[in-house]
Amino acid sequence: MNVTIESSGNLVIAYLYGEIDHHTAVDIRDKIDNALSFIKPHHLILDFKNVTFMDSSGIGLVMGRYRLLMNFHASLEIRNVTKQTKKLMELAGLGSIAIIKEI
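Residues numbered from 1 in each chain as written. Predicted model: local features only at pLDDT ≥ 70, side-chain atom pairs only at ≥ 80, totals over all residues. Heavy atoms only, no water.

As annotated in an unreviewed UniProt entry, the protein is Anti-sigma factor antagonist from Eubacterium coprostanoligenes. In its Sequence similarities (unreviewed entry) section, the UniProt record describing the protein reads: "Belongs to the anti-sigma-factor antagonist family." (UniProt positions renumbered as here; feature names shortened; annotations may be inferred.)

Enquirer: Which residues make up unusual backbone geometry, and what are the values?
Expert: Notably, K40 is not glycine yet its phi reads approximately 50°, a positive angle. Looking at the element boundaries, K40 is found in the loop between α1 (25-39) and β3 (43-54). The partly exposed category is assigned to K40, whose relative accessible area is 46%. With a phi angle near 60°, N80 is a residue other than glycine that sits in the positive phi range. In this fold, N80 is placed in strand β4 (residues 75-81). (Helix = DSSP H or I, 4+ residues; strand = E, 2+ residues; numbered from the N terminus. Buried < 20%, exposed > 50% of the residue type's maximum accessible area, 1.4 Å probe, protein only.)

Enquirer: Describe in detail the pattern of salt bridges, supporting the description with residues and values.
Expert: For the structure shown, the criterion picks out five salt bridges. Put simply, D33 and R65 hold a salt bridge, and the shortest N to O gap is 2.6 Å. Here R65 lies in helix α2 (residues 56-70) and D33 lies in helix α1, a separation of 32 residues in the sequence. Residue R65 is classed as buried on the basis of its relative accessible area of 5%. (Salt bridge = Lys/Arg side-chain N within 4 Å of Asp/Glu carboxyl O.)

Enquirer: Can you lay out the environment of K101 for me, pointing to particular residues and giving the numbers?
Expert: Along the polypeptide, K101 turns up in strand β5 (residues 99-102). In this structure the C-alpha to C-alpha distance between K101 and V12, which are 89 residues apart in sequence, comes to 17 Å. Apart from residues no more than four positions distant in its own chain, K101 is found in contact with E77, I78, R79, N80 and V81. (Contact = heavy atoms within 4.5 Å.)

Enquirer: Report on the side chain of N2, specifying residues and quantitative values.
Expert: Among the structural elements, N2 can be located in the segment before β1 (3-8). Among the polar contacts made by the side chain of N2, one reaches the main-chain carbonyl oxygen of E19 at a distance of 2.9 Å. The contact partners of N2, leaving out residues within four places of it in the chain, are Y15, L16, Y17, G18, E19, T24 and I28. (Polar contact = N/O pair within 3.5 Å; in protein donor to acceptor, adjacent residues only side chain to side chain.)

Enquirer: Would you mind going over the pairing of β3 in detail, with residue names and values included?
Expert: Where strand β2 (residues 11-20) lies against β3, nine bridges are found, and the strand directions are parallel. Within the sheet, the bridge partner assigned to A14 lies in β3 and is L46. A crossover connection joins β2 to the parallel β3 through α1; in handedness this β-α-β unit is right-handed. Where the polypeptide runs from β3 across α2 and back to β4, its parallel neighbour, the crossover connection is right-handed. (Pairing = 2+ DSSP bridges. Right-handed = clockwise from strand over helix to strand, strands pointing away.)

Here is the structure:
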């Protein structure tokens, strides 16, 4: 899988790596959702530092996790994105649902 998950208290960090496309997004989503449903965190960080490619499935991945987090009244942060990825995410409206931080 293209994700490693760490948790501490009410915080979950999902370290994404490799390519995020329609083939890999399903497995990533399932692993993150399982952790969120079990832990019910107050904050989720999606770390994109080691993502080498992302298509629109990456945007959908973020939006779906945001919807799930709303069940727990939790917040979302997207970390370590490139300048180009940050711009794409902001154009897709993710800046209104999450804090987006560049590398």
